[in-house]
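Listed here are the chains, written in short residue letters.
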Amino acid sequence: MDQTTTSYYQLPDGGLRTVTTSEGVDVSVPDGAMGVSAEEYEAALAAIEEQRARDEAERQAAQEAEERTAYIALAALLPDAVARRLSGYTGGVLDSD
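Heads up: these notes are all about the structure in this document. (Residues numbered from 1 in each chain as written. Predicted model: local features only at pLDDT ≥ 70, side-chain atom pairs only at ≥ 80, totals over all residues. Heavy atoms only, no water.)

### Details of a negative patch on the surface
Let me state the cut-off plainly: Excluding any residue in a salt bridge, patches collect residues exceeding 30% relative accessible area, merging like charges within 9 Å and nonpolar Val, Leu, Ile, Met, Phe, Trp and Tyr side chains within 5 Å. Method for areas: the Shrake-Rupley scheme with a 1.4 Å probe, in which residue coverage is limited to the protein chains shown. Salt bridge, as used here, is a side-chain nitrogen of Lys or Arg placed within 4 Å of a carboxyl oxygen of Asp or Glu. Positive residues here are Lys and Arg, negative ones are Asp and Glu, while His and the chain termini are left out of the count. Every charge is mapped onto a representative atom, which is NZ of Lys, CZ of Arg, CG of Asp or CD of Glu. Note on conventions: DSSP H or I runs of at least 4 residues are helices, E runs of at least 2 residues are strands, and numbering of each starts at the N terminus. Relative accessibility under 20% of the residue-type maximum defines a buried residue, over 50% an exposed one, and the middle range a partly exposed one, all with a 1.4 Å probe and only protein chains included.
A cluster of acidic residues, E39, E40, E42, E49 and E50, forms a negative patch at the surface. One can find E40 in helix 1 (residues 38-75). You can call E40 partly exposed: its relative accessible area is 47%.

### So, the pattern of salt bridges
All told, the structure shown has two salt bridges when counted by the stated rule. Of the charged contacts in the structure, one is a salt bridge between E56 and R59, with a shortest N-O distance of 2.6 Å. Of the two residues, E56 and R59 both sit in helix 1, three residues apart, roughly one turn of that helix. Judged by relative accessible area, which is 33%, E56 ranks as partly exposed. Using a relative accessible area of 41% as the deciding quantity, one classes R59 as partly exposed. Note that R84 and D80 form a salt bridge whose closest N and O atoms lie 2.9 Å from each other. Within this pair, R84 and its partner D80 are both found in helix 2 (residues 80-87), separated by four residues, close to a single helical turn.

### Side note on the packing of helix 1 against helix 2
So the rule is basically this: A fitted line through C-alpha atoms serves as each axis, taken over the contacting stretch for helices, and the angle formed by two N-to-C directions is quoted from 0 to 180°. Left-handed describes a crossing whose near helix is turned anticlockwise from the far helix through less than a right angle; right-handed describes the clockwise counterpart. The contact criterion used throughout is that any non-hydrogen atoms of two residues lie within 4.5 Å. Under the grouping applied here, Gly and all other residues not named as nonpolar or charged are polar, the nonpolar ones being Ala, Val, Leu, Ile, Met, Phe, Trp, Tyr, Cys and Pro and the charged ones Asp, Glu, Lys and Arg.
Put simply, helix 1 and helix 2 touch, their axes get as near as 8 Å, and they point 145 degrees apart. Here helix 1 runs over helix 2; the crossing is right-handed. Where helix 1 approaches helix 2, its residues E67, A70, Y71, L74 and A75 are matched on the opposing element by D80, A83, R84, L86 and S87. When its residues are assigned to classes, the contact of helix 1 with helix 2 shows six nonpolar, one polar and three charged.

### Description of helix 2
Note the cut-off: The arc in question is formed by the directions pointing from the helix axis toward the C-beta atoms.
All of the buried residues along helix 2 are A83, R84 and S87. Along the axis of helix 2, the buried residues cluster in a sector spanning 100 degrees; they form a single face. Opposite the buried face of helix 2, by more than 90 degrees, sit the exposed residues R85 and L86. On its buried side, helix 2 packs onto helix 1. One or two positions beyond helix 2, positive phi appears at G88, with a value near 85 degrees.

The following block contains the structure:
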């Protein structure tokens, strides 16, 4: 049965790559890649995933703020249900000042 080996690399752009090879198969290292340990790979992967989660949360917050702003403008002129449908706003009832 062939033995496999997994190598871990960090690419120049910060991306990550694993290369799994069978015994006796020679695979070239990705251009500019730096070999890292499995632990370093996992830590870098966790950092990338955390950043993606933060980016997604920021994107969602910006979208919700935009929908709320549109809702406020529309609610001044239209019934609540129509303003919600047009704006996409699904939040709670807003206080009127």
